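# Tertiary structure, described
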Amino acid sequence: MSFMVSPEVLRIAEDIRNMKIRGASYIARSAAQALMKEASQSKAKNSDELIMDLTQAARILLHTRPTAVSLPNAIRYVMVRAYQLYEKGLLLEDLRSEVIKVAEKFIETSKMAVKKIAEYGSKRIEDGDLVMTHCHSTAACAILLKAWEEGKRFEVISTETRPRYQGRITASILSRAGIPVTLIVDSAARFFMEKVDKVIVGADAVAANGAVVNKIGTSLIALAAHEARVNFFVAAETYKFSPETMLGSLIKIEERSPLEVVDEKFLTENPNLRVLNPVFDVTPPTYIDIIITEKGVIPPGAAILVLKEEFGWFSAVRLPEFLKF
Ligand code: RI2
């Protein structure tokens with residue numbers, strides 16, 4: 001029996017955990033890539049051992065970050081097909097190469113999805129718009145970059161996104177493309193909202209009722225947008241929709257170290273102080289106008305239909321045991 005996952009899998013898992021690899025879609029593609037590495041580098045002597053090695057790699061990857069549903073969905077995509085091929089009786093080398101192809105297909109599909117979202121979303125950007133965004137979403141950025149490339153002229157407000165400052169990545173990417181960008185502190189979002197025409201954010205997860213889980217602070221921005229009657233758009237590939245929520249599961253909100261918020265010295269100097277660092281929040285569907293997916297633009301209430309099409313009714317109960325948290 002081999003049961004030793006490849007060092008590449010461990011490295012990718014660690015990079016997802018410490019956020020060197022971050023952003024829901026990049027996390028998903030990296031997980032698929034890790035399974036591809038496992039398939040190609042496993043020392044398994046037969047297909048039984050290979051499927052066990054892949055399962056172990058999948059388990060390690062699944063427990064790196066809990067919120068971005070793209071991660072379990074990417075693993076489900078590869079592993080459900082891997083198990084089907086294994087049960088069909090594929091021999092070691094065939095199983096190896098088929099799993100690699102499946103993982104490659106997921107990565108390709110994911111990249112195409114972002115392109116499609118950019119196409120659909122850019123139609124919603126108009127000349128003269130002031131667009132607010134939060135954190136760094138490749139899907140939201142792709143929309144803005146595409147609209148700019150199409151010749152639309154608009155401005156962007158990017159929140160800095162405490163505590164990890166992913167908003168600086170957004171501000172840097174967009175401004176380097178020539179888009180006028182203003183970087184603001186997160187708490188200034190409502191101050192600027194009356195001048196904003198639309199908000200576009202990404203998503204880490206979309207629930208069956210259309211609620212969107214995204215970087216902490218998103219729901220406050222949505223609330224401010226709602227109050228100011230500003231459109232609130234979400235850019236999300238369909239692999240960010242959570243099949244488990246069809247059966248009432250709640251999406252787990254990741255809590256990260258207080259050391260992302262304050263330093264060790266501050267904590268030592270204030271021993272009775274508690275610092276909490278939830279990194280995502282839930283924006284209710286009532287504050288969301290549309291979700292831009294690669295299949296088209298939907299109202300949040302149609303999230304359940306997307307899930308049904310992707311996974312079928314009762315999908316969650318059919319999940320392989322190893323994919324259940
Ligand atoms: P894309 C990020 O999470 C942000 O919350 C962002 O909105 C979301 O993933 C989606 O990103 P984190 O990994 O898939 O920075 O659109 O915690 O790139």
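Residue positions are given per chain, counted from 1 along the sequence in the order it is written. Under the rules for a predicted model, residues below a pLDDT of 70 receive no local features and side-chain atom pairs below 80 are neither given nor counted, while totals for whole chains, interfaces and linings still include all residues. Only hydrogens and water are set aside when side-chain values are computed; all heavy atoms of the structure are taken into account.

Regarding its fold elements, the protein chain presents 11 helices and 10 strands. Taking the principal axes of the C-alpha coordinates as reference, the protein chain spans close to 65 × 50 × 40 Å. Of all 325 residues assigned to the protein chain, the portion counted as buried reaches 55%. Here, residues are in contact when the closest pair of their heavy atoms is within 4.5 Å. A separation of at least 24 residues holds for 79% of the contacts in the protein chain among residues at least 6 apart in sequence. Here the protein chain has roughly 15100 Å² of accessible surface; of this, 56% comes from carbon and sulfur atoms. In this tally, Asp and Glu contribute negative charge and Lys and Arg positive charge; neither His nor the terminal groups of the chain are included. One atom stands in for each charge, and that atom is NZ of Lys, CZ of Arg, CG of Asp or CD of Glu. Computing the positive centroid from 42 side-chain charges and the negative centroid from 40, the protein chain places the two 1 Å apart. Numbered from the N terminus, helices here are DSSP runs of H or I no shorter than four residues, and strands are runs of E no shorter than two. The rule is simple: take the accessible area with a 1.4 Å probe, protein chains only, and divide by the maximum for that residue type; under 20% is buried, over 50% is exposed, in between is partly exposed. Computed with the Shrake-Rupley method and a 1.4 Å probe, the accessible areas treat only the protein chains shown as cover for residues.

Here the focus is the site of the ligand. Here a residue is near a molecule or strand as soon as one of its heavy atoms is found within 4 Å of it. Taken together, 19 residues form the shell around the ligand, and within it Arg22, Thr138, Asp204, Asn214 and Lys215 come nearest. At 3.0 Å, a side-chain N or O of glutamine 166 approaches an oxygen atom of the ligand. Counting of polar contacts relies on pairs of N or O atoms within 3.5 Å, with two restrictions inside protein: one atom must be capable of donating a hydrogen and the other of accepting it, and residues adjacent in sequence are counted only when both atoms are side-chain atoms. The separation between an oxygen atom of the ligand and a polar side-chain atom of aspartate 204 is 2.7 Å. For the ligand, whose unbound accessible area comes to 450 Å², protein coverage reaches 100%. Within the residue set of the shell around the ligand, elements represented by two or more residues are α2 (24-41), α6 (138-149) and β6 (212-215). Throughout, the ten residues Ala, Val, Leu, Ile, Met, Phe, Trp, Tyr, Cys and Pro are labelled nonpolar, Asp, Glu, Lys and Arg are labelled charged, and all others, Gly among them, are labelled polar. Class assignment of the residues belonging to the shell around the ligand gives a composition of 6 nonpolar, 8 polar and 5 charged. Counting residues domain by domain, the shell around the ligand receives three or more from each of domain 1 (7-112 + 319-323) and domain 2 (117-311). For the domain bounds, the source is a domain assignment made automatically or taken from a database.

Tracing the backbone shows lysine 37 in helix α2. On the accessibility criterion, lysine 37 (26% relative accessible area) is partly exposed. Separated by 29 residues in the primary sequence, lysine 37 and glutamate 8 place their C-alpha atoms 6.8 Å from one another. The residues touching lysine 37, leaving out its near neighbours within four places in the chain, are Glu8 and Ser42.

Here the focus is the pattern of salt bridges. What makes a salt bridge here is a side-chain nitrogen of Lys or Arg within 4 Å of a carboxyl oxygen of Asp or Glu, nothing more. As enumerated under the stated definition, the model contains 18 salt bridges in all. A salt bridge links glutamate 8 to arginine 11; the shortest N-O distance between them is 3.6 Å. Note that glutamate 8 and arginine 11 are positioned in helix α1 (residues 7-17) at a spacing of 3 residues, about one turn of the helix. By relative accessible area, which is 24% here, glutamate 8 ends up partly exposed. Taking the relative accessible area as the measure of exposure, arginine 11 reaches 41% and is therefore partly exposed. Between glutamate 310 and lysine 295 there is a salt bridge; the shortest N-O distance is 2.3 Å. Here lysine 295 lies in the loop between β9 (290-293) and β10 (296-298) and glutamate 310 lies in helix α11 (residues 303-311), a separation of 15 residues in the sequence. By relative accessible area, glutamate 310 is classed as partly exposed at 33%. One network of salt bridges, with partners in common, ties together Arg65, Arg164, Glu254, Arg256 and Glu260.

For the rest of this paragraph, the subject is the side chain of asparagine 214. Relative to the assigned elements, asparagine 214 resides in strand β6. For asparagine 214, a relative accessible area of 5% gives the class buried.

Partitioning the protein chain into domains gives domain 1 (7-112 + 319-323) and domain 2 (117-311). Spacing between the C-alpha centres of domain 1 and domain 2 amounts to 27 Å. Tallying the contact residues gives 19 residues for domain 1 and 27 residues for domain 2. Defined in terms of a 1.4 Å probe, buried area is the accessible area two parts forfeit on being brought together, summed over both. Between domain 1 and domain 2 the total buried area reaches about 1700 Å² when both faces are included, carbon and sulfur atoms providing 52% of it.

Aromatic contacts are taken between Phe, Tyr and Trp rings whose centres are within 6.5 Å, Trp giving its six-membered ring; a plane angle under 30 degrees counts as stacked, one over 60 as edge-to-face, and the others as tilted. Enumeration over the complete set of coordinates arrives at 5 aromatic pairs. Taking the centre distance of 5.1 Å and the plane angle of 80 degrees together, the rings of phenylalanine 191 and phenylalanine 192 count as edge-to-face. Through a chain of ring-to-ring contacts, three or more aromatic side chains come together here, namely Tyr77, Phe106 and Tyr239. When the ring centre of tryptophan 148 is taken as reference, the NZ or CZ atom of arginine 153 above it lies at 3.7 Å. By definition, being over a ring means that NZ of Lys or CZ of Arg is both within 6 Å of the ring centre and within 35 degrees of the ring normal. Note that arginine 168 overlies the ring of tyrosine 165, its terminal NZ or CZ placed 4.1 Å from the centroid.

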